Amino acid sequence: MQQNQTNAQNQANIMPQPPTMVSTKDQLYISDMLSWNLMASKKAHFYAGFCQNPELKAALEQAGQMHQRHYEKMLQHLNENPAPNQNNNQPLN
């Protein structure tokens, strides 16, 4: 019962649009997500190069491509609303 109440509260707190500023904690998390996806993409491609099993090689290449797409999609979202000049303390639009 308590879990149902918690789920209902979480659903009621959904933001209709992103906040106008990114906190330091959010910025660090975004940076980590970019790093993790880029590293995973590179590692999958690297290890696929050593595979003798074609099915495993294809699975690793597919996983690497997925992480590359995620990385590129995050960059695309970040570039749509570039950060304002640091000397200018205006919120993002």
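Fair warning: this is a prediction, and the values are worked out from it, not measured in the lab.

Peer 1: Even after reading the chapter, I still don't get the overall build of the chain, so can you show me in this structure?
Peer 2: For the chain, the helix and strand inventory stands at three helices and zero strands. For the chain, the proportion of its 93 residues judged to be buried stands at 10%. Contacts spanning at least 24 positions in sequence make up 47% of the contacts within the chain whose residues lie at least 6 apart. Accessible area of the chain: about 8300 Å², with a carbon and sulfur share of 54%.

Peer 1: Would you take a moment to explain the side chain of S41 for this structure?
Peer 2: With respect to the secondary-structure elements, S41 resides in helix α2 (residues 24–48). Residue classification places S41 among the buried residues on the basis of a relative accessible area of 9%. Once you skip the residues sitting within four places of it in the chain, S41 turns out to touch G64, H67 and Q68.

Peer 1: Got a minute to help me understand the environment of L60 in this structure?
Peer 2: Take L60: it is sitting in helix α3 (residues 54–80). As a C-alpha pair, L60 and G49 span eleven residues in sequence and 9.2 Å in three-dimensional space.

Peer 1: Would you mind going over α2 with me for this structure?
Peer 2: One full turn of an α-helix is made of 3.6 residues, so residues set three or four places apart face in the same direction. Spanning 25 residues, α2 covers 36 Å between terminal C-alpha atoms, matching the ideal 36 Å at 1.5 Å per step. Turning to α2, its buried residues are L34, N37, S41, A44 and A48. Here the buried face of α2 lies against α3.

What counts, and where the lines are drawn
Residues numbered from 1 in each chain as written. Predicted model: local features only at pLDDT ≥ 70, side-chain atom pairs only at ≥ 80, totals over all residues. Heavy atoms only, no water. Helix = DSSP H or I, 4+ residues; strand = E, 2+ residues; numbered from the N terminus. Buried < 20%, exposed > 50% of the residue type's maximum accessible area, 1.4 Å probe, protein only. Contact = heavy atoms within 4.5 Å. Areas by Shrake-Rupley, 256 points an atom, 1.4 Å probe, with all protein chains shown as cover. Expected span 1.5 Å × (residues − 1).

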